[in-house]
Amino acid sequence: MSDDKNRQWVLKRRPEGLVADDDFDWVSGPRPALQPDSALIRTLYFSFDPTQRGWLNDAPGYMPPVQIGEPMRAAGIGQVVESNRDDLQPGDLVQGLLSWQDFVLVTGKQSWPLEKISPQLSITDRLSIYGLTGVTAYFGMLEVGAVRAGDVVVVSGAAGATGSVAGQIAKIKGASCVIGIAGGADKCKWLVEKAGFDAAIDYRSEKVGARLRVLAPKGVDLYFDNVGGEILDSVLLNLAFRARVVICGGISSGYGSKIPPGPKHYMQLVFKSARMEGFLLLTYQSRMAEAVQALQQWVEAGRLHYEVDLAMGLELAPATLRRLFEGRNFGKQLLKVADPQPAA
């Protein structure tokens, strides 16, 4: 990578279905020039999350869609190269909303401020277990799901970055049985042998509903859903009385512009006096430090395990996002663009 060139993935057209490389233009231009009240950030690592696919649709959401001709947005970590801002100095590491390019010019007025971070935690840990996915699992399981000792808990997308942490938090908080739903024997083996789940269902080779009736004969008290679709319907048919269903994600939909049908068995919420609730992490933004502190204590005590799936090279950004929807990632999906430089 040249210090005077800026490579970018720019949105060319809105994807239909899975993201394709040719939905973007791979372009190269000069490095952005420093402007008043701005800082130039070299991107180092990007986080990949299913919600990014939704940002590519021309539809209302919790944040505006990426526009045609704009670089694709992504959470990430970068390093200040140049700055005429008092709060950012060359060499500083920053975390926040960046974009798929080598250099990002940020101003003091941007809507999504960058947080200056210390090097005490590794970059990959900051974007995985202590990043959006780990914190999402924390608040989704404890605040929205209100997990209780003795609960039978089911987590879909359980080998993913959020699901794996959510299930382990349920065990830490005294759930009597935690069942993970994942795709593939290797993922299911990891859930039981490493992450401490009581059981795992391979949706590729097993009937989810039938296995749940065996593993949870009295019903599911808490379902943490990252998938939606047929798996959500199967769990709805196996709820216990006064069950809670947490809607964290719906990756089975692909987050495309065509909205799939809703759950067929939602009336089970009535029959079982159950509730189903979705949430956004933004609701808990003021409490992020609380979650990170708790997660760190559990990791250091050996009670919380996680995996990082690291791709290498900015040129692989679209393919790396696609991995999430192909079920190919194992744990938190990240991409490395560059190494941080020693401070001058």
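See above for the structure.
Residues numbered from 1 in each chain as written. Predicted model: local features only at pLDDT ≥ 70, side-chain atom pairs only at ≥ 80, totals over all residues. Heavy atoms only, no water.

Draft legend 1. Structural view of the sheet that holds strand β11 (residues 220–225). Strand order across the open sheet formed by six strands is β10-β9-β8-β11-β12-β13, with parallel pairing between neighbours. The open sheet has two edge strands, β10 (199–202) and β13 (275–278), and neither has a second partner. Across the sheet, the mean angle from the axis of one strand to that of its neighbour is 15°, orientation sign disregarded. As paired elements, strand β12 (residues 239–247) and β13 share four bridges and run parallel to each other. Note on β13: the bridge partner recorded for Val245 is Met276. Contacts between helix α6 (residues 208–215) and the sheet are confined to β8 (152–156), β9 (177–182) and β10, with β10 contributing the most and set at about 165° to the helix. (Pairing = 2+ DSSP bridges. Helix = DSSP H or I, 4+ residues; strand = E, 2+ residues; numbered from the N terminus. Axes fitted to C-alpha atoms, helices over the stretch in contact; angles between N-to-C directions. Contact = heavy atoms within 4.5 Å.)

Draft legend 2. View of the pairing of strand β3 (residues 38–47). Taking burial as the measure, the 10 residues of β3 include 10 buried ones, the bulk of the element. As paired elements, β3 and strand β6 (residues 103–107) share five bridges and run antiparallel to each other. The residue bridging Arg42 from the neighbouring strand is Phe103, located in β6. Here three bridges tie β3 to strand β15 (residues 332–336), and the two strands are oriented antiparallel to one another. When the sheet's bridge partners are listed, Phe46 is paired in β15 with Leu335. (Buried < 20%, exposed > 50% of the residue type's maximum accessible area, 1.4 Å probe, protein only.)

Draft legend 3. Quick look at the packing of aromatic side chains. Enumeration over the complete set of coordinates arrives at eight aromatic pairs. The interplanar angle of 50° and the centroid separation of 5.3 Å between the aromatic rings of Phe24 and Trp100 together place this pair among those described as tilted. With Phe24 in strand β2 (residues 24–30) and Trp100 in the loop between β5 (93–99) and β6, the pair connects residues that are 76 residues apart, well separated along the chain. With respect to class, Phe24 is no different from Trp100; both count as buried. Aromatic rings pair up to connect Trp9, Phe24, Trp26, Phe48 and Trp100 into one cluster. The aromatic ring of Phe103 is capped on one face by Arg31, whose charged end is 5.3 Å from the ring centroid. (Phe/Tyr/Trp six-rings, centres within 6.5 Å; stacked < 30°, edge-to-face > 60°. Lys NZ or Arg CZ within 6 Å of the ring centre and 35° of its normal.)

Draft legend 4. Representation of the packing of α6 against helix α7 (residues 229–236) within the structure. The geometry of α6 relative to α7 is characterised by a closest axis approach of 9 Å and an angle of 35° between their N-to-C directions. Here α6 runs over α7; the crossing is right-handed. When α6 is examined against α7, the residues Val208, Gly209 and Leu212 are found in contact with a partner set consisting of Ile231, Ser234 and Val235. In the contact of α6 with α7, the residues fall into four nonpolar, two polar and no charged. (Left-handed = near helix turned anticlockwise from the far one by under 90°. Nonpolar A, V, L, I, M, F, W, Y, C, P; charged D, E, K, R; others polar.)

Draft legend 5. Structural context of a nonpolar patch on the surface. A surface patch of nonpolar side chains, about 430 Å² in accessible area, is lined by Tyr266, Met267, Val270 and Phe271. Along the chain, Phe271 turns up in helix α8 (residues 268–271). Classification of Phe271 by relative accessible area gives exposed; the value is 53%. (Patch = residues over 30% accessible without salt bridge, like charges linked within 9 Å, V, L, I, M, F, W, Y side chains within 5 Å. Areas by Shrake-Rupley, 256 points an atom, 1.4 Å probe, with all protein chains shown as cover. Salt bridge = Lys/Arg side-chain N within 4 Å of Asp/Glu carboxyl O.)

Draft legend 6. The pattern of salt bridges, seen in detail. Scanning all chains against the criterion turns up 21 salt bridges. Note that Glu206 and Arg211 form a salt bridge whose closest N and O atoms lie 2.9 Å from each other. Taking the relative accessible area as the measure of exposure, Arg211 reaches 27% and is therefore partly exposed. A single salt-bridge network, built from bridges that share partners, covers Asp21, Arg322, Glu326 and Arg328.

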